[in-house]
Amino acid sequence: MRFLSRRLVMPNDLNYADSLFGGRALEWIDEEAAIYAICQLGTNCLVTKHIGEISFESPAMQGDIVEFGLATKAVGRTSITVSCLVRNKATKKTICLADDIVFVKVDPVTRQPAPHGKTLESLEEQTEAELRSLNLLQD
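The structure reproduced in this document is the subject of the present report. Quick caveat: nothing in here was measured; it's all calculated off a predicted structure.

**Some details on the layout of surface pockets**
Reported here for the largest pocket is a volume of approximately 200 Å³. Contributions of two or more residues to the lining of the largest pocket are made by α1 (22-41), β4 (65-75) and α2 (120-133). Grouping the amino acids of the lining of the largest pocket by side-chain chemistry returns seven nonpolar, three polar and two charged. As for the second largest pocket, its lining consists of Arg2, Leu4, Ser5, Glu32, Ile35, Tyr36, Cys39, Gln40, Leu70 and Glu130.

**Structural notes on a nonpolar patch on the surface**
The grouping of Leu26, Ile51, Ile54 and Phe56 at the surface amounts to a nonpolar patch, some 300 Å² of accessible area in total. Within the fold, isoleucine 54 resides in strand β3 (residues 54-56). Of the residues examined, isoleucine 54 reaches a relative accessible area of 32% and is grouped as partly exposed.

Parameters at a glance
- Along each chain, residue indices are assigned from 1 in the same order as the chain's sequence is written.
- Local features are withheld for residues below a pLDDT of 70 in this predicted model, meaning they are given only at 70 or higher, and side-chain atom pairs are given and counted only at 80 or more; totals for whole chains, interfaces and linings count all residues.
- Based on all heavy atoms of the structure, the side-chain values leave hydrogens and waters out of the count.
- Only protein atoms enter the calculation, which uses a 1 Å grid: trapped sets of points that fit a 1.4 Å probe without letting it out are cavities, open sets showing protein on both sides within 12 Å along at least five of seven lines are pockets, and any residue with an atom within 4 Å of a point is a lining residue.
- Grid points are joined across faces, edges and corners, and a volume is the space filled by probe spheres set on the points.
- Each helix is a run of H or I in the DSSP string that is no shorter than four residues. Each strand is a run of E no shorter than two, and both are numbered from the N terminus.
- Three classes are used, and their members are as follows: Ala, Val, Leu, Ile, Met, Phe, Trp, Tyr, Cys and Pro are nonpolar, Asp, Glu, Lys and Arg are charged, and the others, Gly among them, are polar.
- Patch definition: residues with relative accessible area over 30% and no salt bridge; like charges joined within 9 Å; nonpolar side chains (Val, Leu, Ile, Met, Phe, Trp, Tyr) joined within 5 Å.
- Only the protein chains shown count as cover for residues, and all accessible areas are computed by the Shrake-Rupley method using a 1.4 Å probe.
- For this analysis, a salt bridge means a side-chain nitrogen from Lys or Arg found within 4 Å of a carboxyl oxygen belonging to Asp or Glu.
- The rule is simple: take the accessible area with a 1.4 Å probe, protein chains only, and divide by the maximum for that residue type; under 20% is buried, over 50% is exposed, in between is partly exposed.

In structure tokens:
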């Protein structure tokens, strides 16, 4: 799982218990997972189809920096399924896990599902090449 972005928990993100509001966490997860899927598939014509099990493990408090780890679980003809782990950057403690987030590529005109032409194997190769180009992966 690659941790690709971070957010600072601000006062407007808090619930009545002064911890990160679950709805805000889900908003961030959907956005971060969508950005990840867009980058993987090379298209922004994606819609969220499904978010599977969501498990809240520990709170995030005002001032905490949370980071989002994303991984591709499966690739279909028109879809991509990802997982998103939200954790506290300082403690590495899991805040939330959202599993089986499914995005579907749609035709921009008809809004019907459309093939994206990618496979899990091609995405793994793409990711490895990207990491290598950034000198983040050893040969």
